[in-house]
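Residues per chain, in single letters:
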Amino acid sequence: MIIHTLGPQETDSNDAAHYYLDRNTSIKAQIILHNSYEEIINTFPKYRNEFFLVPTAFKSAKFNMSWGELHYRYLSQLILKDCFLHSLNPLVVLENCGQKNGIAYSHPATAQLLITHVQPSQIRYCPSKYLAYQQYLQDGQYSLTNERNISLSSNEKILARYESQMIWSLYQIKG
């Protein structure tokens with residue numbers, strides 16, 4: 001079994017894939033991490049009979065698509081094989097008090113949660129919460145990321161923290 005999901009290793013998707021395999025010890029699998037879910041979706045035909053792990057909170061700014069839309073749009077290419085509940089790493093909304101440019105970095109799925117706390121002048125989407133934090137470190141004023149990603153400096157503060165469960169969908173790719 002080969003499971004394709006979002007990387008890098010710091011992502012909740014990677015954690016969820018390992019959690020799934022730890023719970024299903026009879027399954028021997030390789031986890032392949034990708035730069036974005038869109039990268040996987042674009043190459044479904046290449047991964048015939050392999051698996052795709054995605055959270056139900058999936059949202060793509062590039063494809064303007066949510067998990068429900070993904071599920072129905074690719075109904076002829078995907079077979080839903082399993083679903084399970086697995087917690088996300090705690091989410092945090094960060095502010096770099098040394099920046100006043102109004103730029104916020106977020107994964108598209110978490111952008112609405114971010115703007116319940118801040119009103120950035122611009123939201124820049126990243127393929128993962130981990131990459132959102134990496135970009136925020138370059139020039140961001142705000143970010144929504146996983147708590148384990150961060151190392152707070154004296155200029156930064158946590159504006160909000162959330163613990164959340166997530167439903168994960170494991171699809172077999174028909175190609």
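Residues numbered from 1 in each chain as written. Predicted model: local features only at pLDDT ≥ 70, side-chain atom pairs only at ≥ 80, totals over all residues. Heavy atoms only, no water.

Participant: Honestly, the sheet that holds strand S7 (residues 91-96) in this entry has me stumped. Any pointers?
Facilitator: Two strands in a sheet stick together by hydrogen bonds in their backbones, pointing the same way (parallel) or opposite ways (antiparallel). Overall, mixed pairing links the five strands, which are arranged S9-S8-S10-S7-S11 in an open sheet. Where the open sheet ends on each side, the last strands, each with one partner, are strand S9 (122-125) and strand S11 (156-162). Strand after strand, the sheet turns through a mean of 25° between neighbouring axes, direction not considered. Relative to S11, S7 is paired through six bridges, and the arrangement is antiparallel. When the bridges of S11 are listed, valine 93 appears paired with alanine 160. Of the strands in this sheet, S7, strand S8 (103-106), S9, strand S10 (142-146) and S11 touch helix H5 (residues 129-139), which is tilted by about 145° from S10. (Pairing = 2+ DSSP bridges. Helix = DSSP H or I, 4+ residues; strand = E, 2+ residues; numbered from the N terminus. Axes fitted to C-alpha atoms, helices over the stretch in contact; angles between N-to-C directions. Contact = heavy atoms within 4.5 Å.)

Participant: Looking at this structure, I do not really get the packing of aromatic side chains. What am I missing?
Facilitator: The description of two aromatic rings rests on the distance between their centres and on the angle between their planes. Tallied over the full model, the rule gives eight aromatic pairs. Between tyrosine 37 and phenylalanine 58 the ring centres are 5.5 Å apart and the planes differ by 85°, which places this aromatic pair in the edge-to-face class. In this pair, tyrosine 37 sits in helix H2 (residues 37-42) while phenylalanine 58 sits in the loop between strand S3 (51-55) and strand S4 (59-60), placing the two residues 21 residues apart along the sequence. Between phenylalanine 44 and phenylalanine 52, the ring centres sit 5.4 Å apart and the planes meet at 65°, which makes this aromatic pair edge-to-face. Take phenylalanine 44 and phenylalanine 52: they sit in the same class, and that class is buried. (Phe/Tyr/Trp six-rings, centres within 6.5 Å; stacked < 30°, edge-to-face > 60°. Buried < 20%, exposed > 50% of the residue type's maximum accessible area, 1.4 Å probe, protein only.)

Participant: Sorry if this is basic, but what is going on with the pattern of salt bridges here?
Facilitator: Charged atoms that come close allow side chains of opposite charge to pair. With the rule as written, the count across this model stands at five salt bridges. Its salt-bridge partner being aspartate 12, residue lysine 129 comes within 3.0 Å of it at the nearest N-O pair. Placement of lysine 129 in helix H5 and of aspartate 12 in helix H1 (residues 12-23) is noted, with a sequence separation of 117 residues between them. The pair formed by lysine 129 and aspartate 12 is uniform in burial state, with each residue classed as buried. For arginine 161, the salt bridge goes to glutamate 163, with nearest N and O atoms at 2.9 Å. Judged by its relative accessible area of 41%, arginine 161 is partly exposed. Through salt bridges that share partners, Glu147, Arg161 and Glu163 make up one connected network. (Salt bridge = Lys/Arg side-chain N within 4 Å of Asp/Glu carboxyl O.)

Participant: Which parts of the structure should I look at to understand H5?
Facilitator: Structurally, the α-helix is built with 3.6 residues per turn, so residues lying three or four positions apart point the same way. Buried within H5 we find Lys129, Tyr130, Ala132, Tyr133 and Tyr136. What you see down the axis of H5 is that its buried residues fit within an arc of 160°, all on one side. In this fold, the buried residues of H5 make contact with H1, S7, S8, S10 and S11. (Arc of directions from axis to C-beta.)

Participant: Help me out: how do you make sense of the environment of lysine 46 in this one?
Facilitator: Of note, lysine 46 is situated in the loop between H2 and S3. Lysine 46 gets classed as exposed once you look at its relative accessible area, which sits at 64%. C-alpha of lysine 46 to C-alpha of lysine 174: the two residues are 128 residues apart in sequence and 9.8 Å apart in space.

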